[in-house]
Amino acid sequence: MVLNPVISKLAGKLVVLASASPRRQEILRNAGLRFEVVPSWFKETLDKGLFKAPHEYAVETAKQKALEVARRMPFKHLKTPDIVIGADTIVAVNSLILEKPVDKQDAYKMLSSLSGKEHSVFTGVAIVLCHDKDNQEVDYQMIAFYEETKVKFADLSEDMLWEYINSGEPMDKAGGYGIQALGGMLVEYVHGDFLNVVGFPLNHFCKQLDIIYNHSSSFAVEKKGSAHPLPNGSLGISILDQHSLQKGSEAEKHRSPDSSSPKLTQHIQNSSTSSPAHKVKRTSYESGVGSQSVVSNSSKHNDGESSRLTQLNRQQQTEQRGTENQPKTQDLKRICELMDGFKASKALFTASKFCMFDLLHNKPGLDAAEVAEEIKASVKGTECLLEACVSLGLLKIKDKAHPKPLFENTDLATSFLRSDAPFSLHGYIQHCSETLWPLFSHLESAVQEGVSQHQRVKRQKELCQDPVCSSQELKLRFMSGMHSFAKITAAAVATAFDLSRFRTACDLGGCTGAMAHELVKAHPGMSVTVFDLPAVVEMKEHFLQRNTDNKVSFVAGDFLKDELPKADLYILARVLHDLTDEKLHILLSKIAQTASSGCGLLLSEIFLDEDRGGPSRGLLQALSLSEGKQRSAGEYKLLLERHGFITAHTRHTGHLLDAMLSVKA
Ligand SMILES: Cc1cn([C@H]2C[C@H](O)[C@@H](COP(=O)(O)OP(=O)(O)OP(=O)(O)O)O2)c(=O)[nH]c1=O
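Calculation notes
- Residue positions within a chain follow its written sequence, with the count starting from 1.
- A pLDDT threshold of at least 70 governs which residues receive local features in this predicted model, and a stricter bar of 80 or more applies before side-chain atom pairs are shown or counted, although totals over entire chains, interfaces and linings include all residues.
- Think of the side-chain values as coming from all heavy atoms in the structure, minus any hydrogens and water.
- A run of DSSP states H or I qualifies as a helix once it reaches four residues; a run of E qualifies as a strand once it reaches two. Both are numbered from the N-terminal end.
- The contact definition used throughout considers only heavy atoms, calling two residues in contact when any of these lie within 4.5 Å.
- For the accessible areas, the method is Shrake-Rupley and the probe is 1.4 Å, while residue cover comes only from the protein chains on display.
- Helix span, as expected, comes to 1.5 Å for every residue beyond the first.
- For the exposure calls, accessible area comes from a 1.4 Å probe over protein chains only, and a residue counts as buried if that area is under 20% of its type's maximum, exposed if over 50%, partly exposed in between.
- Here the arc refers to the set of directions running from the helix axis out to each C-beta atom.
- Only Phe, Tyr and Trp rings take part, Trp by its six-membered ring, and two of them pair if their centres are within 6.5 Å. Stacked means planes under 30 degrees apart, edge-to-face means over 60, and tilted covers everything else.
- By the criterion adopted, a ring carries a charge over it if an Arg CZ or a Lys NZ lies within 6 Å of its centre and within 35 degrees of its normal.
- Here a residue is considered near a molecule or strand provided that any single heavy atom belonging to it is located within 4 Å of it.
- In protein, a polar contact means a hydrogen-donor-capable atom and an acceptor-capable atom, both N or O and within 3.5 Å, with residues adjacent in sequence counting only if both atoms are side-chain atoms; elsewhere, any N or O pair within 3.5 Å suffices.
- We call Asp, Glu, Lys and Arg charged. Ala, Val, Leu, Ile, Met, Phe, Trp, Tyr, Cys and Pro are nonpolar, and the rest, Gly among them, are polar.
- Axes here mean lines fitted to C-alpha atoms, for a helix over just the part in contact, with angles spanning 0 to 180 degrees between N-to-C directions.
- In this scheme, roughly parallel covers angles under 35 degrees and roughly antiparallel covers those over 145, while 65 to 115 is roughly perpendicular and the rest are oblique.
- Left-handed describes a crossing whose near helix is turned anticlockwise from the far helix by less than a right angle; the clockwise case is right-handed.
- Salt bridges are defined as contacts in which a side-chain nitrogen from Lys or Arg sits within 4 Å of a carboxyl oxygen from Asp or Glu.
- Among buried residues, the Ala, Val, Leu, Ile, Met, Phe, Trp, Tyr and Cys ones that are joined through side-chain atoms within 4.5 Å form a nonpolar core.
- An automatic or database domain assignment provides the domain bounds reported here.
- What pLDDT conveys is the predictor's confidence in a given residue, as a value from 0 to 100.
- Fitting one axis to the seven residues ending at a residue and another to the seven starting there, the bend at that residue is the angle between the two axes.
- Strands are treated as partners if at least two bridges between them are detected by DSSP.

Examining the overall build of the protein
Working step 1: Each helix and strand counted, the protein has 23 helices and 19 strands in total.
Working step 2: Of the contacts formed within the protein by residues at least 6 apart in sequence, a portion of 70% connects residues at least 24 apart.
Working step 3: Of the accessible surface of the protein, which amounts to about 31700 Å², a share of 53% is contributed by carbon and sulfur atoms.

Next comes the structure, spelled out in structure tokens:
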């Protein structure tokens, strides 16, 4: 049953909640709304100083959260939602904005500033309506509003404060409390919408839907004189900002005399047209909201420019649509890219195996015959490989006027493909080529059988009498792959959170110590123990790194069997996705037993979208059918909660790995 008829208006539409907040999901689910959850990757880092009032900050953050998902989905999920809902809850006291505490001390500061006082809880909500157009463009229409609820806290004693903080509840909640649970005990009164405090003003939201779907004529435009650019410098795409409907609020005074619906105030930023639609081309996706390719309606162009644009658009549209009998060029390109993907990978693997990028770094400007001689290969084959690498942007022609093409590295190759580059992926590429490639060549069997094809690959090698690597060589190759991947990703993970309060850390399965070295670099007060199998630890010397003041040490052991070293922070980087459920629970139980209350757990993995629609890197990795599985941030969060770790923060780093910081309750 749907109590509110306006919710039923959304039936059959692809509604997306751009939020990882379990409270928002529960509130909307309880209201009978059917939706997909795609948490936003927008980082809540807008400069608060640039907003005149706290609610403006919450509304802007909500807009950016929703917009990021609306823009990402057509590219990453290959589908355009009908509606994206984003929200942001903040607590405001003495004109200070409080978000989620970063640690216990921060929670203490927040809660003591609320003790004995009244404060406001603002939730900004943004609704983005997406309209897919024939010509590969999406029109976005944004409706944004906020709701304010006043909450008064009782005087809180120190004991009470710390007991509450130690319950772990404050960590993922604005202002450091959850009114719906233990935090309810701290509250003397609430004036306004209770659900607004919990994270979503359901009543206001339904009123807003009613306006959108039942009173669409209310979309009459009231232009606002001054457009305010967003603090991050991006073009504003906000169309409607509606203020609180709470009694006595400013918006209440603006009720239009002829309608029971509140009057809407429209802010059209950087555009002077009356159309609320903004178009975003689907040809590229950049994850930074600040760099969005917003093509606002023609207002900013003079007549000459706009007719040129129209011409260009038409040309592009014909190209994209094709004629009745021909497929769209872009669609065809996409399919070809997928079909040819393996050829590009293999070209990269081969060039890397022949150390062609090292060669051309040391001797830039060789021709095909010279390269062939150096790598001891045929001239014809080398020429094809070099030209393919040029087409892939890995090499370039040095001197175009020269009669024979002379080859040199592009910046991409110099940065990532040389074996001695600081961020070299050479080792990982070899791992892909030697280990993953053979596995994926048996993908059909892997899918049929549901298990990894390691054994089949091994048997095949034996049958073909391929030269067998010694176990030492295999181990080194594996470690070198892991080392080069870790070196690329470690800095983003090590700096994803403020870890300064942890003095000692233990990197479980930390292999060559690449992550450990980044951690001690980023957090000078920390020392890190790398815990890995004896066979791994004994080979660590092959990967010597500058040991910052001997702050990185190694301990050999099996994390499933042996006692774990004591530490304030445990690190699990790319470990859990490879373990069976059974092993995973053994490991997490061992960590939970060893860790004392307040200890941290830093998890780093690829986090799948909550609806498992992406990212492809994670889902393709799952095809190797290892014993484990790929999970979303929400799934990891639940898993850790079962072992007494409460997630404080989740970071979609935008890098190769995401990160989550949990705290032992
Ligand atoms: C004040 C208060 C906040 N909260 C929660 C609601 C929100 O989930 C959270 C505020 O953080 P938000 O940044 O608004 O939301 P989020 O990080 O949980 O999720 P996302 O950014 O993906 O949308 O605090 C409560 O659960 N109870 C409370 O009493």
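Side note on helix H13 (residues 379-391)
Working step 1: In this model, H13 (13 residues) spans 18 Å end to end at C-alpha, consistent with the 18 Å of a helix rising 1.5 Å per residue.
Working step 2: Inspection of H13 places Thr 382, Leu 385, Leu 386 and Cys 389 among the buried residues, and these make up the whole buried set. When H13 is viewed along its axis, its buried side chains cluster within an angular range of 100° and face the same direction. Exposed and oriented more than 90 degrees from the buried face of H13 are Lys 380 and Ser 391.

A look at the packing of aromatic side chains
Working step 1: By the definition in use, this model includes eight aromatic pairs.
Working step 2: Both rings, one in Phe 51 and one in Tyr 57, keep their centres 5.7 Å apart while their planes meet at 80°; by these two values the pair is edge-to-face. Note on accessibility: Phe 51 and Tyr 57 belong to one class, buried.
Working step 3: A centroid spacing of 5.0 Å and a plane angle of 70° characterise the contact between Phe 200 and Phe 205, whose relative ring orientation is edge-to-face. The pair Phe 200 / Phe 205 is uniform in exposure class, with both members buried.
Working step 4: If you follow Arg 72 out to its NZ or CZ, it ends over the ring of Trp 41, 3.6 Å from the centre.
Working step 5: The ring of Phe 485 carries the charged tip of Arg 574 above its face, separated from the ring centre by 4.0 Å.

Focus: the site of the ligand
Working step 1: In the vicinity of the ligand lie 21 residues, with Ser 19, Arg 24, Lys 65, Lys 100 and Ile 179 positioned nearest.
Working step 2: At 2.7 Å from an oxygen atom of the ligand is found a main-chain nitrogen or oxygen belonging to Ala 20.
Working step 3: Asp 88 has a polar side-chain atom sitting 3.2 Å from an oxygen atom of the ligand.
Working step 4: Here the ligand loses 94% of its free accessible area of 600 Å² to cover by the protein chains.
Working step 5: When its residues are assigned to classes, the shell around the ligand shows seven nonpolar, six polar and eight charged.

Some thoughts on the packing of helix H15 (residues 426-440) against helix H18 (residues 471-494)
Working step 1: Put simply, H15 and H18 touch, their axes get as near as 7 Å, and they point 130° apart. One element, H15, and the other, H18, form an angle in the oblique class. By crossing handedness, the relation of H15 to H18 is classed as left-handed. Of the residues in H18, those in contact with Gly 427, Tyr 428, His 431, Glu 434 and Thr 435 of H15 are Arg 477, Phe 478, Ser 480, Gly 481, Met 482, Ser 484 and Phe 485.

Some words on the pattern of salt bridges
Working step 1: Applying the stated rule across the entire model yields 26 salt bridges.
Working step 2: With a shortest N-O distance of 2.8 Å, Arg 72 and Glu 68 are connected by a salt bridge. Of the two residues, Arg 72 and Glu 68 are both situated in helix H3 (residues 54-76); the distance of four residues between them amounts to about one turn of the helix.
Working step 3: By relative accessible area, which is 0% here, Arg 72 ends up buried.
Working step 4: A relative accessible area of 1% means that Glu 68 is categorised as buried.
Working step 5: Taken together, the shared-partner salt bridges connect Arg 23, Asp 172 and Lys 173 into one network.

Examining the nonpolar core
Nonpolar side chains tend toward joint burial in soluble globular proteins.
Working step 1: Membership of the largest hydrophobic core comes to 55 residues, with the highest contact counts inside it found for Met 356, Leu 499 and Leu 569.
Working step 2: The leading source of residues in this core is H18, at seven residues.
Working step 3: When residues of this core are assigned to domains, at least three map to each of domain 2 (329-424) and domain 3 (476-664).
Working step 4: Excluding residues that lie within four positions of it along the chain, Leu 499 makes contacts with Ala 494, Leu 519, His 523, Met 526, Leu 569, Leu 602 and Leu 661.
Working step 5: Formed by 47 residues, the second largest nonpolar core is a distinct cluster that contains Phe 35, Ala 107, Ile 165 and Val 197.

Considering the confidence of the model for the protein
Working step 1: On average, residues of the protein score 82 in pLDDT, and 81% of them are at 70 or above.
Working step 2: Low pLDDT, under 50, characterises residues 217-322; the stretch is placed with 206 contacts to residues that sit more than four places away or in other chains.
Working step 3: Reported for the predicted complex are a pTM of 0.54 and an ipTM of 0.96.

Quick notes on the side chain of Thr 382
Working step 1: Within the element layout of this structure, Thr 382 appears in helix H13.
Working step 2: If we ignore the near neighbours within four places in the chain, the residues touching Thr 382 are Ala 368, Val 371, Ala 372, Ile 375 and Ala 377.

A word on H18
Working step 1: Largest kink in H18: about 40°, centred on Ile 488.
Working step 2: Buried residues of H18: Met 479, Gly 481, Met 482, His 483, Ser 484, Phe 485, Ile 488, Thr 489, Ala 490, Ala 492, Val 493 and Ala 494, and no others.

Side note on the sheet that holds strand S13 (residues 504-508)
Working step 1: With respect to topology, seven strands assemble into an open sheet ordered S15-S14-S13-S16-S17-S19-S18, the strand pairing being mixed. Of all the strands in the sheet, the pair left with one neighbour each is strand S15 (552-556) and strand S18 (645-651). The mean inter-strand angle of the sheet, taken between neighbouring strand axes irrespective of direction, is 20°.
Working step 2: Relative to strand S17 (residues 600-605), strand S16 (residues 569-573) is paired through five bridges, and the arrangement is parallel. Residue pairing in the sheet places Ile 571 in a bridge with Leu 602 of S17.
Working step 3: In this fold helix H21 (residues 581-594) packs onto S13, S16, S17, S18 and strand S19 (658-664), with an angle of close to 165° to the strand it touches most, S16.

Brief notes about the packing of H21 against helix H23 (residues 633-642)
Working step 1: Between H21 and H23, the shortest axis-to-axis distance is 10 Å and the interhelical angle comes to 55°. With respect to H23, the element H21 is oriented oblique. Of the two possible hands of crossing, H21 and H23 adopt the one that is right-handed. Residue-level inspection shows Leu 584, His 585 and Leu 588 of H21 in contact with H23, the latter providing Leu 639, Leu 640 and Arg 642.
Working step 2: Of the residues assigned to the contact of H21 with H23, the class counts are four nonpolar, one polar and one charged.

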